[in-house]
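# Summary of the model geometry
Chain by chain, the residues run as shown.
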Amino acid sequence: MIHVFNIKELYFAVDTNSGLVHAVDKIIYDLLINEKFKDENKYSRLYSEYGEDSVKEAISEILYLIDNKMLYTEEIKYENKIKPVIKAMCLNMTHDCNLRCEYCFASQGTYNGEKAFLSFETGKKAFDYLVKSSGNRRNLEVDFFGGEPLMNFETIKKLVDYGRSLEKDYKKHFRFTVTTNGVLLDEEKINYINENMDNVVLSIDGRKETNDRMRKTINEKGSYDLITNNYKKFISKRGNKDYFARGTYTSYNLDFSEDVMHMRELGFDKISVEPVVAKTDEKFALKEEHVDILKKEYEKLAEYFIKSYNNKNKRFQFFHFNIELDRGPCIYKRSTGCGAGTEYVAVTPSGELYPCHQFVGYEEFIIGNVDEGITNQAIADKFKNVSVNDKPACRDCWAKYFCSGGCHANAYNFNKDFSIPYNVGCELEKKRIECSIYIKGKLG
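What comes next is a walk through the structure. (Residues numbered from 1 in each chain as written. Predicted model: local features only at pLDDT ≥ 70, side-chain atom pairs only at ≥ 80, totals over all residues. Heavy atoms only, no water.)

## Regarding the overall build of the protein chain
- Assigned secondary structure in the protein chain consists of 17 helices and 16 strands.
- Taking 2.2 N^0.38 as the reference for a compact globule, 444 residues should give roughly 22 Å; the C-alpha atoms of the protein chain span a radius of gyration of 24 Å, in line with that estimate.
- Structurally, the protein chain occupies a C-alpha span of about 75 × 50 × 45 Å along its principal axes.
- Out of the 444 residues belonging to the protein chain, those deemed buried represent 53%.
- Counting contacts in the protein chain only where the partners sit at least 6 residues apart, residues at least 24 apart contribute 69% of the total.
- By element, 46% of the accessible surface of the protein chain is carried by carbon and sulfur atoms, the whole surface being about 21,000 Å². (Helix = DSSP H or I, 4+ residues; strand = E, 2+ residues; numbered from the N terminus. Rg over C-alpha atoms; globule rule 2.2 N^0.38 Å. Buried < 20%, exposed > 50% of the residue type's maximum accessible area, 1.4 Å probe, protein only. Contact = heavy atoms within 4.5 Å. Areas by Shrake-Rupley, 256 points an atom, 1.4 Å probe, with all protein chains shown as cover.)

Right, dumping it as structure tokens:
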């Protein structure tokens, strides 16, 4: 299986199974479309445009790539002998929030339940479970999440200290991340986070009107002015350590590339802006009729990215344009994805374990607790055993080994079936991959 596409003057052929990406001439591109090179009646029609000799030479090049297993390669066969271990954890420090974001998947932080804070004792049990369930894995990931985790800041500090106290005895190393809406960022928290957090996710949606339409305070006021001032102070002290300014776009800002550009102008040089995931009856939801508009926005953003890259002082990272073409995860990981429920779990303030933070609140997805570990293996196995080749929509998709079948939570929320991906998400992901390849083609 291959995929051919072009963006502006560049033409590409992607071999699905090997992951090889070929920058090709237009003549080869035309021959690969609908596999014209296999049928003389089809490829002879190109003689008038390119000349017979040129067409036949191009066909020889295609056949060379096929013979040398660089194009139309065979489906990868693998036997999963890997026994996954838990290596990452999302700690829901609060089921409460000081913002009332309209699109919040967590129901403004409560996950459709009661407000709650994770205690130090429950957090300790979660850390103990993680180190004992991680096998020989040395590097472990913990994301302090919410609601708004900085509402439980003192407990975060205690848990970081506790994690560090486990490292020597268990031969582990913790990498900590905190995801915050920025409202409570002050001098003390900024200094602590910059010293102790390996990564930070800062929530902001872009332009003031975009952000304030969806991300309001409890008093129904926009949060933009407050959080941008806090974020600028944070960035000025962050140095070269990792962070991402993370936004969400909706039907209200289909021109989301403008929001990315605005975030760059604010000083963010690591940016992620992602599509909202919402039921189609929500006014802010993205729908099938928006897809073509959004694809053009990604192309516009790709051009802005390239232009910025050519000016060292304006360069930035865009999360969805980060793509590895030279090497990557093993075929098992590329087939099964994020590791929800098998390599990654979410922990609630009451100590329940879920496959990931987006399933929290759906009691049918409780897989265990911090005292006993995973007790509902049947649910965990549902996540473990779904690969791209088990999903009809993915099986014949050229991008399956790039996206690994997409998000399980999105598939379930839209289709109540892990094996049926969320179609709008699929279309946008494929466009992001194309734009990422185009960018590499332009920048070399």
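That was the structure; now back to the text.
## Observations regarding helix 6 (residues 153-170)
- In a regular helix each residue adds 1.5 Å, so 18 residues correspond to 26 Å; helix 6 covers 26 Å between its end C-alpha atoms and thus fits that length.
- Close packing links the buried residues of helix 6 with strand 4 (88-92), helix 5 (120-133), strand 7 (139-145), strand 8 (173-180) and helix 7 (187-196). (Expected span 1.5 Å × (residues − 1).)

## Re the packing of aromatic side chains
- Scanning the model with the defined rule gives 33 aromatic pairs in all.
- For the pair Phe-365 and Phe-418, a centre-to-centre distance of 6.0 Å together with 45° between the ring planes defines the contact as tilted. Here Phe-365 is found in the loop between strand 14 (352-354) and strand 15 (368-369), whereas its partner Phe-418 is found in the loop between helix 16 (408-415) and helix 17 (423-443), with 53 residues between them in sequence.
- One aromatic cluster in this structure is built from Phe-120, Phe-127, Phe-144, Tyr-162, Phe-174 and Phe-176.
- Lying across the ring of Tyr-72, Lys-38 places its NZ or CZ 5.3 Å from the centre.
- It is Lys-279 that lies over the ring of Phe-414; its NZ or CZ is 5.2 Å from the centre. (Phe/Tyr/Trp six-rings, centres within 6.5 Å; stacked < 30°, edge-to-face > 60°. Lys NZ or Arg CZ within 6 Å of the ring centre and 35° of its normal.)

## Comments concerning the nonpolar core
- In terms of nonpolar packing, the biggest core is built from 111 residues, with Leu-91, Phe-127, Phe-144, Met-197, Phe-268 and Phe-318 touching the most fellow members.
- With 8 residues, the top contributor of residues to this core is helix 11 (residues 291-309).
- Formed by 20 residues, the second largest nonpolar core is a distinct cluster that contains Ile-2, Val-4, Ala-13 and Leu-65. (Core = buried A, V, L, I, M, F, W, Y, C linked by side-chain atoms within 4.5 Å.)

## Concerning the side chain of Ser-203
- Mapped onto the fold, Ser-203 is located in strand 9 (residues 199-203).
- Every residue in contact with Ser-203, bar those within four places of it in the chain, is listed here: Thr-180, Asn-181, Arg-215, Ile-227, Tyr-231 and Arg-246.

## Quick notes on the sheet that holds strand 2 (residues 10-15)
- Taken in spatial order, the 3 strands line up as 1-2-3 in an open sheet, and their pairing is antiparallel. The open sheet is flanked by strand 1 (2-7) and strand 3 (21-24), the only strands paired with a single partner. Across the sheet, the axes of successive neighbouring strands diverge by a mean angle of 25°, strand direction being ignored.
- Where strand 2 and strand 3 come together, 4 bridges link them in antiparallel fashion. Each residue of the ladder has a partner; that of Tyr-11, found in strand 3, is Val-24. (Pairing = 2+ DSSP bridges. Axes fitted to C-alpha atoms, helices over the stretch in contact; angles between N-to-C directions.)

## Quick look at the pattern of salt bridges
- All chains considered together, the criterion is met by 28 salt bridges.
- The residue Asp-186 makes a salt bridge to Lys-189 at a minimum N-O spacing of 3.3 Å.
- In this structure Asp-186 comes out as partly exposed when scored by relative accessible area, which is 32%.
- One salt bridge in this structure joins Glu-429 and Arg-432, with 2.8 Å as the shortest N-O distance. (Salt bridge = Lys/Arg side-chain N within 4 Å of Asp/Glu carboxyl O.)

## Topic: the packing of helix 6 against helix 7
- Look at helix 6 against helix 7: their axes get within 12 Å of each other, and the N-to-C directions meet at 20°. The angle between helix 6 and helix 7 falls in the class roughly parallel. Where helix 6 crosses over helix 7, the two elements pack in a sense that is left-handed. Note on element contacts: helix 7 touches helix 6 through Glu-188, Lys-189, Tyr-192 and Asn-196, opposite Phe-153, Glu-154, Ile-156, Lys-157, Val-160 and Arg-164.
- Grouping the constituent residues of the contact of helix 6 with helix 7 by class yields 4 nonpolar, 1 polar and 5 charged. (Parallel < 35°, antiparallel > 145°, perpendicular 65-115°, else oblique. Left-handed = near helix turned anticlockwise from the far one by under 90°. Nonpolar A, V, L, I, M, F, W, Y, C, P; charged D, E, K, R; others polar.)

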